[in-house]
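Letter by letter, the chains look like this.
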Amino acid sequence: MRPVYREEPCKTALNRVEGMPFRWSLNPYMGCAHRCTFCYVRSFEARAERPSGAAYGASIRVKTNVAQVLAAELSRPGWRRELVAVGTATDPYQPAEGRYRLTRACLAVLARARTPASLVTRSPMVVRDIDVLQELDRAAGVSVAFSIPTLDERLWKATEPDTPPPTQRLRALERLRAAGLDAGVALAPLLPGLSDAPSSIASVLRAAKEAGASFVWASPLRLPPGTRPYFLSQLAGEWPALASIYEHRYRGANLPRAQAEAIVRRAAALAAEFGLSCDRPSRARPEAVQLPLWEG
Ligand code: SF4
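Residues numbered from 1 in each chain as written. Predicted model: local features only at pLDDT ≥ 70, side-chain atom pairs only at ≥ 80, totals over all residues. Heavy atoms only, no water.

A. Highlighting the sheet that holds strand E5 (residues 59-62). An order of E1-E5-E4 is seen for the three strands of this open sheet, with the pairing classed as mixed. Strand pairing shows two members of the sheet lacking a second neighbour, strand E1 (4-7) and strand E4 (29-30), which therefore form its edges. Sheet topology places E4 next to E5; two bridges connect them, and they run antiparallel. Bridged to Met 30 within E5 is Arg 61. (Pairing = 2+ DSSP bridges. Helix = DSSP H or I, 4+ residues; strand = E, 2+ residues; numbered from the N terminus.)

B. Molecular detail of the site of the ligand. Neighbouring residues of the ligand: Cys 32, His 34, Arg 35, Cys 36, Cys 39, Thr 90, Asp 91 and Arg 122. Class assignment for the residues of the shell around the ligand results in three nonpolar, two polar and three charged. (Near = heavy atom within 4 Å. Nonpolar A, V, L, I, M, F, W, Y, C, P; charged D, E, K, R; others polar.)

C. A look at the environment of Ala 211. Its place among the elements puts Ala 211 in the loop between helix H8 (198-210) and strand E10 (216-220). Ala 211 gets classed as buried once you look at its relative accessible area, which sits at 6%. The spacing of Ala 211 and Arg 101 is 110 residues in sequence and 26 Å in space, taken between C-alpha atoms. Excluding residues that lie within four positions of it along the chain, Ala 211 makes contacts with Leu 170, Leu 173, Glu 174 and Arg 177. (Buried < 20%, exposed > 50% of the residue type's maximum accessible area, 1.4 Å probe, protein only. Contact = heavy atoms within 4.5 Å.)

D. Quick look at the packing of aromatic side chains. As enumerated under the stated definition, the model contains five aromatic pairs in all. Their ring planes at 90° and their centres at 5.9 Å tell us that Tyr 40 and Phe 44 sit as a pair that is edge-to-face. Under the relative-accessibility criterion, Phe 44 is labelled partly exposed at 38%. Aromatic pair Phe 231 and Tyr 246: ring centres 5.8 Å apart, planes at 40°, arrangement tilted. Taken together, the residues Phe 231 in helix H9 (residues 228-238) and Tyr 246 in helix H10 (residues 240-249) connect sequence positions 15 residues apart. Across the pair, exposure class does not vary: Phe 231 and Tyr 246 are buried alike. Among the aromatic residues, ring-to-ring pairing joins Phe 231, Tyr 246 and Tyr 250 into one connected group. (Phe/Tyr/Trp six-rings, centres within 6.5 Å; stacked < 30°, edge-to-face > 60°.)

E. Highlighting the side chain of Ser 195. Assignment of secondary structure puts Ser 195 in the loop between strand E9 (182-190) and H8. One polar contact links the side chain of Ser 195 to the main-chain amide nitrogen of Leu 191, over a distance of 2.7 Å. Beyond its immediate chain neighbours, meaning those up to four positions away, Ser 195 contacts Pro 149, Thr 150, Leu 155, Pro 189, Leu 190, Ser 200 and Ile 201. (Polar contact = N/O pair within 3.5 Å; in protein donor to acceptor, adjacent residues only side chain to side chain.)

F. Representation of the packing of helix H4 (residues 102-112) against helix H5 (residues 130-139) in the model. Contact geometry for H4 and H5: axes closest at 8 Å, N-to-C directions at 25°. On the basis of the axis angle, H4 is roughly parallel to H5. Crossing of H4 over H5 shows left-handed handedness. Contacts from Arg 104, Leu 107, Ala 108, Leu 110 and Ala 111 in H4 reach Asp 131, Val 132, Leu 133, Glu 135, Leu 136 and Ala 139 in H5. Classifying every residue of the contact of H4 with H5 by side-chain character gives eight nonpolar, no polar and three charged. (Axes fitted to C-alpha atoms, helices over the stretch in contact; angles between N-to-C directions. Parallel < 35°, antiparallel > 145°, perpendicular 65-115°, else oblique. Left-handed = near helix turned anticlockwise from the far one by under 90°.)

G. Up close: the sheet that holds strand E7 (residues 117-121). Strand order in the open sheet formed by seven strands is E2-E3-E6-E7-E8-E9-E10, and the pairing between neighbours is mixed. A single partner strand is all that each edge strand has here, and the edge strands are strand E2 (14-16) and E10. Strand-to-strand twist in this sheet, taken as the mean axis angle between neighbours without regard to direction, amounts to 25°. Here three bridges tie E2 to strand E3 (residues 24-26), and the two strands are oriented antiparallel to one another. By the bridge assignment for E3, Arg 16 is matched with Trp 24. Sheet strands in contact with H8 are E9 and E10, and its direction is about 170° off that of E9.

H. Summary view of the nonpolar core. Among the nonpolar cores identified, the biggest contains 87 residues, and Leu 26, Leu 70, Leu 110, Leu 187, Leu 205, Phe 231 and Tyr 246 are the most heavily contacted of them. A per-element tally of this core places H4 first, with seven residues. Core analysis: the next-biggest nonpolar cluster, separate from the first, contains six residues, Val 120, Ala 145, Ala 186 and Ala 188 among them. (Core = buried A, V, L, I, M, F, W, Y, C linked by side-chain atoms within 4.5 Å.)

Right, here's the structure in full:
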């Protein structure tokens, strides 16, 4: 699907976040052309009465002036240089970024304002911005998490239809680490019965280790209202036998707590076997990435 891009300036750039360990987020785009079936943003779109099913990601808002607005916000005397999570509601390196370069411009603004940032992406395009990421790292700190929940080709294609292949993300991770940047892997979301088996988790962790990941974290699938119907319909088409199992296990948005924690503990134990850190502190990595029920 070829998205329509709507160039619409914004009035504010930073969003205040409640209930997360970071207080600010920044999204240069609204909507995401990667169109993952499990995307939790579908639930926000449904609540706002925008397309959250098959048409999700067909129309992307481009905040053409976001870097200028951000610069003005960060220059206010009251700004305390708190961590900014970039791209929490979209992928900051979705295809539009190749043309508009808004994420890149925002990173440069953050560096000038000595404000730390964290990014989560499924795209290798981030290597284009190694120079500005290094600048930000020197000025305040930055971390980059590559979302790689699986290396299985069928599962990737079925659930992340318009994302670059996981192998490309791993090569990008290697490039960022070689450039001295803090970069790791988010096994998110792990799908019960599809990507949460020890062998599946281990294959991602092994690849993360080989690519030099400085951290990993894992998070099981959430199915908030608005995400649930589309995900389950796609699941039923691809893995019919699993559909009723998911209906049963996901009575609400989350797995029962014990099941969710078991998945996270399994991933943490395997990570330890590979000598990978699940909890290494960082000046530019929010604690949120270590919580079990957060996915980006
Ligand atoms: S890349 Fe992230 S924001 Fe984009 S569709 Fe996938 S889960 Fe949603």
